[in-house]
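# Breakdown of the fold
This is what each chain is made of:
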Number of protein chains: 2
Amino acid sequence: MTDVAALAGVSAQTVSRVARDEPTVKPETAARVRVAMEQLGYTPNRAARALRYGHYGTVGMIAHRLARTGESRTVEAVVEAAQSEGYTVTLVDLASPAADDVSAAVARLSHQDIDGLIIIRAETATPDTLVLPSHLPVVVSDSRFVGHHPAVGADQVGGAEVAVAHLLRLGHRTVHHLAGPPDSIPARQREEAWRAALAEAGAVAPPAVRGDWTATSGYDAGAALAADPEVTAVFAANDEMAAGLMRALHEAGRAVPGDVSVVGFDGIELSAQLWPPLTTVAQDFGEIGRRLVDLLLRQVRDREDLADTHSVVPVRLVERASTAPPPGR
Amino acid sequence: MTDVAALAGVSAQTVSRVARDEPTVKPETAARVRVAMEQLGYTPNRAARALRYGHYGTVGMIAHRLARTGESRTVEAVVEAAQSEGYTVTLVDLASPAADDVSAAVARLSHQDIDGLIIIRAETATPDTLVLPSHLPVVVSDSRFVGHHPAVGADQVGGAEVAVAHLLRLGHRTVHHLAGPPDSIPARQREEAWRAALAEAGAVAPPAVRGDWTATSGYDAGAALAADPEVTAVFAANDEMAAGLMRALHEAGRAVPGDVSVVGFDGIELSAQLWPPLTTVAQDFGEIGRRLVDLLLRQVRDREDLADTHSVVPVRLVERASTAPPPGR
DNA sequence: CGGAGTACTGTTAACGCAAACATTTCTGGT
DNA sequence: ACCAGAAATGTTTGCGTTAACAGTACTCCG
């Protein structure tokens, strides 16, 4: 900076002003400074700026298993939204499974590193075990943290309802459920809403079959469903399990959707490429990402107290070829 | 820091020493300081440290379309490896498509922000259009940059070879190819290696059909393949297109693998859940991520000059149910 | 018991930047 | 030609940290 100042024949302060586009610099001076900057390859040092300003222009983001589900699309949306607001995104702790690790990662990060934290998925950590630096603005999409921090999430309940309603409308007597793991709150919400929707329609809810979100578990659990001739419609708690289920059905010689209709949840890219293309409840991950950033930045910049705001993003039923009226109708 | 010093009855310098685990502090003093740090919730300010040290403990990472392919798994591996080396990862510019944007993002980042840069995928940018701050250590997995920067990549050629060999060994007379877009270097490499492997085996190479990596394009291009009774084996340049192709084959009433065998490339999670489960050439994205970090940190920390090192990560043929001998054998 | 180490702790200064305040240079009105 | 006020630029200072140097208080030896 000093060199630039010398070369342009001005003070360092003026260079600083030009660097920040302050309007109080005479255009010709600014031009001269800019030439000098260019010539010397000068860029403001962000560490010094952060030190001076007391903030970092960076938000942290905790996520797990990017390859899975809509995680990656949320991450993308967050990065894009944050960038357009001039913030940089630091990705933390994708792999480590233990709750301690998450806390440790956050502590390491501390609020000496980031201005706010977005928790996409904290996996094994819970609101009790996860200790965050006080005064660090946080926003979550992991539903276990709802009520503890401002949150953004898809409309789990509405999604399950629309899935069940769709199948009942096609004429199915009832709808089976391939549920997610019991320790997952979204899984429980989808399951509860499924049960409620059946009750509402006067249908009998069969016992739920359970997987762990993976396609393999859907395949395993699907074997039981495939063997039961009573089963004509299944609402799977996510698309991966639905894929596994359909594979099990194929192997059992049961036609989809001829014998059994299947609805998934999430709307992942490949759901359209399964055989048959999967009817699914699509989440708007882009919107979730954008709202996360919005909620976080409102706390960071405007010091708003969002307390336990919970922003619910609507879902959308995407009707494809895996659903049809039950056989014999 | 001053507060901690006051509370512990020492100087700020001693607090600094304790924070950095310098061994020259008397154990009891260190203990007293640590108590004070705990009590006051003190954490060293990283901006100040970065300013002092002149480096950031951060690496930048450019990637596009995380939802696709193995991108997300590479990203995961990079983050994990970087974290275990005490580095933080900043994710940049996922969405913007224009070359200028990439350069702009990098410039914004500059080497005032990061100690090194990992380019997973720079999409439309080319070695010519992408201007990097000089002296910024870089490592790439995007093959268009091979030769310009140290690179890590999967063994495209070996992968195509093993796919073709597998199909020929099953008894197919030749192997069709569902190629990637012509502006993609890996696509061209896979295509060339496919052609070479056929020539090597004395088989006639049919014209390649072309997609753009997406499952939809595989479906569209697959229609032509499905209509041609001569086609008994297809090597698809990636798993998504293979999925689309299989859907097209199903719709055309051609059995997989009874009538047509299909091999994919990448080994994405869902390839095992397609119907039938897809035989594919799996890339080791974890290893790619780890090598990227290793190569970058060797430049950053040890100032090694890696020039145009090119580290080739082996691939592995995963035989599943989408391949079989041709009909009538 | 004096002096040379050694162990430990403190003081000063600088990293690059920008806010606050100070100073100079210009403008327009008379 | 002069002055008030605005416009443009400069100077000082401190953000939190740590390297370099400067003590001070011990320990051990002759």
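Reading guide: rules and limits
- Residues numbered from 1 in each chain as written.
- Chains lettered and ligands numbered in written order.
- Predicted model: local features only at pLDDT ≥ 70, side-chain atom pairs only at ≥ 80, totals over all residues.
- Heavy atoms only, no water.
- Helix = DSSP H or I, 4+ residues; strand = E, 2+ residues; numbered from the N terminus.
- Rg over C-alpha atoms; globule rule 2.2 N^0.38 Å.
- Buried < 20%, exposed > 50% of the residue type's maximum accessible area, 1.4 Å probe, protein only.
- Contact = heavy atoms within 4.5 Å.
- Areas by Shrake-Rupley, 256 points an atom, 1.4 Å probe, with all protein chains shown as cover.
- Expected span 1.5 Å × (residues − 1).
- Near = heavy atom within 4 Å.
- Polar contact = N/O pair within 3.5 Å; in protein donor to acceptor, adjacent residues only side chain to side chain.
- Nonpolar A, V, L, I, M, F, W, Y, C, P; charged D, E, K, R; others polar.
- Salt bridge = Lys/Arg side-chain N within 4 Å of Asp/Glu carboxyl O.
- Axes fitted to C-alpha atoms, helices over the stretch in contact; angles between N-to-C directions.
- Parallel < 35°, antiparallel > 145°, perpendicular 65-115°, else oblique.
- Left-handed = near helix turned anticlockwise from the far one by under 90°.
- Pairing = 2+ DSSP bridges.
- Domains from an automatic or database assignment.
- Buried area = accessible area lost by both parts, 1.4 Å probe.

## So, the overall build of chain A
When you go through chain A residue by residue, the secondary structure sums to eleven helices and twelve strands. Here the C-alpha radius of gyration of chain A, 26 Å, is well above what a compact globule of 329 residues would show, namely 20 Å. Overall, the C-alpha framework of chain A stretches about 90 × 40 × 30 Å when taken along its three principal axes. For chain A, with 329 residues in total, the buried portion stands at 57%. Here the contacts in chain A between residues at least 6 apart in sequence split such that 70% fall between residues at least 24 apart. Summed over its atoms, the accessible surface of chain A is roughly 13,700 Å², and 50% of this surface lies on carbon and sulfur atoms.

## Looking at helix α7 (residues 156–169) of chain A
All names here are of chain A. Compared with the 20 Å implied by 1.5 Å per residue over 14 residues, the 20 Å span of α7 between its first and last C-alpha is a close match. By the burial criterion, the buried members of α7 are Gln156, Gly158, Gly159, Ala160, Ala163, Val164, His166, Leu167 and Leu168. Looking at the buried residues of α7, the elements they touch are β5 (151–154), α8 (185–200), β8 (233–236), β9 (261–266), β10 (279–282) and β12 (316–318). Backbone geometry just downstream of α7 places glycine 171 in the positive-phi region, at approximately 110°.

## A closer look at the protein's contact with DNA strand C
In the vicinity of DNA strand C, 24 residues are found, and the nearest of them are Met1, Tyr42, Arg49 and Arg52 of chain A together with Thr29 of chain B. Each atom of DNA strand C within 4 Å of the protein was classed as base or backbone; sugar and phosphate made up 59%. In this structure, asparagine 45 of chain A approaches DNA strand C through a main-chain N or O atom, which is 3.0 Å from a phosphate oxygen. Between DNA strand C and alanine 48 of chain A, the relevant distance is 3.5 Å, taken from a base nitrogen to a main-chain nitrogen or oxygen of the residue. Every element with two or more residues in the surface near DNA strand C is listed here: α2 (12–19) and α4 (46–53) of chain A together with α2 (12–19) and α4 (46–53) of chain B. The leading source of residues in the surface near DNA strand C is α4 of chain A, at five residues. Residues of the surface near DNA strand C, tallied by class, amount to nine nonpolar, nine polar and six charged.

## So, the pattern of salt bridges
Residue and element names in this part refer to chain A. Scanning the model with the defined rule gives 25 salt bridges over all chains in all. As a salt-bridge pair, arginine 298 and aspartate 294 come within 3.3 Å of each other at their nearest N and O atoms. A residue pair is termed a helical-turn pair when its members lie 3 or 4 positions apart in one helix, as arginine 298 and aspartate 294 do in helix α11 (residues 285–302) at four residues. Among the residues examined, arginine 298 registers a relative accessible area of 29% and is labelled partly exposed. When salt bridges that share partners are traced, they join Glu191, Glu192, Arg195 and Arg210 into one network.

## Comments concerning the protein's contact with DNA strand D
Taken together, 23 residues lie near DNA strand D, and Arg17, Thr29 and Arg52 of chain A together with Ser16 and Arg52 of chain B sit nearest. A breakdown of the atoms of DNA strand D within 4 Å of the protein gives sugar and phosphate a share of 60%. Note that a base oxygen of DNA strand D is positioned 2.5 Å from one of the side-chain N or O atoms of arginine 52 of chain B. Secondary-structure elements contributing two or more residues to the surface near DNA strand D are α2 and α4 of chain A together with α2 and α4 of chain B. Looking at the surface near DNA strand D, its residues break down into eight nonpolar, nine polar and six charged.

## Focus on the packing of helix α5 (residues 71–84) of chain B against helix α11 (residues 285–302) of chain B
Packed helix pairs are specified by the crossing angle of their axes together with the interaxial distance, meaning the distance between the axes. Residue and element names in this part refer to chain B. Taken N-terminus to C-terminus, the directions of α5 and α11 make an angle of 45°; their axes are 7 Å apart at the nearest point. Accordingly, the angle class assigned to the pair α5 and α11 is oblique. The handedness of the crossing between α5 and α11 comes out as right-handed. Residue-level contacts link Arg73, Thr74, Ala77, Val78, Ala81 and Ala82 of α5 to Phe285, Gly286, Ile288, Gly289, Arg290, Leu292 and Val293 of α11. Residues that form the contact of α5 with α11 fall into these classes: eight nonpolar, three polar and two charged.

## Some words on the sheet that holds strand β7 (residues 209–210) of chain A
As a general point, the strands of a sheet are linked pairwise by backbone hydrogen bonds and lie either parallel or antiparallel. Residue and element names in this part refer to chain A. Ordered by their spatial adjacency, six strands build an open sheet running β7-β6-β8-β9-β10-β12, and the pairing between neighbours is mixed. What marks the edges here is a single partner per strand, and that holds for β7 and β12. Strand direction decides the pairing type here: β8 and β9, joined by three bridges, are parallel. The residue bridging alanine 233 from the neighbouring strand is serine 261, located in β9. α7 rests against β8, β9, β10 and β12 of the sheet, and its axis sits at about 165° to β9. Contacts from helix α10 (residues 239–251) reach β6 (176–179), β8, β9 and β10, with the element oriented near 160° to β9.

## Structural notes on the domain arrangement of chain A
Residues and elements named next belong to chain A. For chain A, the domain assignment lists domain 1 (2–44), domain 2 (56–154 + 285–314) and domain 3 (156–283). Computed from C-alpha atoms alone, the centre-to-centre distance between domain 2 and domain 3 is 30 Å. At the junction of the two partners, domain 2 supplies nine residues and domain 3 supplies eleven residues. Both sides together, the interface formed by domain 2 and domain 3 hides about 920 Å², and carbon and sulfur atoms give 50% of it. The interface formed by domain 2 and domain 3 holds zero salt bridges in total. Across the domain 2-domain 3 interface, the total number found is three residue pairs in polar contact (both at pLDDT 80 or more). Classifying every residue of the side of domain 2 that touches domain 3 gives three nonpolar, two polar and four charged.

## Structural notes on α5 of chain B
All names here are of chain B. For α5, which comprises 14 residues, the first-to-last C-alpha distance of 20 Å matches the rise-based estimate of 20 Å (1.5 Å per residue) to within 8%. Burial runs high along α5: eleven of the 14 residues are buried. Among the residues of α5, Glu71, Ser72, Thr74, Val75, Glu76, Ala77, Val78, Val79, Ala81, Ala82 and Gln83 are the ones counted as buried.

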